[in-house]
Amino acid sequence: AVSVEEHNLTIPHPLMAEREFVLSPLCDVHPLLKHPTTNATIFDTLKALYESGVKKEAVRVLPLPRNRLLAFNQTLIMGILNVTPDSFSDGGQYYSKEEGNIKKAVEEALYMVNECDVDVIDVGGESTRPGSKEVAVEEEMKRVLPVIEEIRRVSDVPISI
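Worth saying up front: this structure is predicted, and the values here are computed from it rather than measured.

Visitor: Just checking my understanding: could you explain the sheet that holds strand β5 (residues 78-82) for this structure?
Guide: Consider a sheet: its strands pair through backbone hydrogen bonds, and that pairing is either parallel or antiparallel. What the 3 strands build is an open sheet, ordered β5-β6-β7; its pairing is parallel. Because the sheet does not close on itself, it has two edges, and the strands there are β5 and β7 (159-160). Pairing of β5 with strand β6 (residues 120-124), which is carried by 5 bridges, proceeds in the parallel orientation. When the bridges of β6 are listed, Met78 appears paired with Val120. Lying over the sheet, helix α4 (residues 137-154) contacts β5, β6 and β7, oriented at roughly 160 degrees with respect to β6.

Visitor: It is not clear to me how the nonpolar core should be interpreted in this structure. Could you clarify?
Guide: Proteins that are soluble and globular tend to have nonpolar side chains buried together. Ranked by size, the top nonpolar core spans 16 residues in total, and within it Leu81, Val83, Ile121, Val123, Val147 and Ile151 carry the most contacts. Sorting the residues of this core by element identifies α3 (99-115), β6 and α4 as the ones contributing at least two each. With residues near it in sequence (within four places) discarded, Ile121 still touches Gly79, Leu81, Ala109, Met112, Val113, Ile151, Val157, Pro158, Ile159 and Ser160. Core analysis: the next-biggest nonpolar cluster, separate from the first, contains 6 residues, Met16, Leu23, Cys27 and Ile42 among them.

About the cut-offs
- Residues numbered from 1 in each chain as written.
- Predicted model: local features only at pLDDT ≥ 70, side-chain atom pairs only at ≥ 80, totals over all residues.
- Heavy atoms only, no water.
- Pairing = 2+ DSSP bridges.
- Helix = DSSP H or I, 4+ residues; strand = E, 2+ residues; numbered from the N terminus.
- Contact = heavy atoms within 4.5 Å.
- Axes fitted to C-alpha atoms, helices over the stretch in contact; angles between N-to-C directions.
- Core = buried A, V, L, I, M, F, W, Y, C linked by side-chain atoms within 4.5 Å.
- Buried < 20%, exposed > 50% of the residue type's maximum accessible area, 1.4 Å probe, protein only.

The following block contains the structure:
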C-alpha cells in the first residue's frame, strides 16, 4: 500500500473514506483493495458510507467522439448485430460483403436504435455458439468494418465490437 505524508501532499487523502465520488469508481475496479490506513476494503468502506446516509452521486461515463458522453447512471440496452456466417441467433442473415447484406445489417441496427430504444450496437464478427471455431483478426475485421462504417455514416449510436 502506498502512503505519502509530505507538507503539501497526503496519500491517501485524509477524507477519502468520506468521498463517494472517489470510492465508487475505485470499488468498480478493485473492491477488495484495502485502504492503507483503515485496512478496510474499498467495498466495505463504500458500503459504510452509503449506510451512513450518503447518497449515490457518482455517475460513470464513457467519453464518446464529438464531445458526447454515455452515462451509466441507468441501465443501458445493447443490441446485438451478428455478421457471422454461423450465427445461431439469426442464421447468418447479415453475413456477407455484398452490399445488400450490409444494407440489411445497417437497417437492422437502425431498427434496434429507433424502434427498440437500444443505446449501443454491438457488431459481432466471431461466433460464440458452442463448438464454433476462432477466426483470425483479419477475417473478423473483414466482417465487421463495412457494417460499422455504414452504421457510422448514418447514425451516431455508440458501437462496440
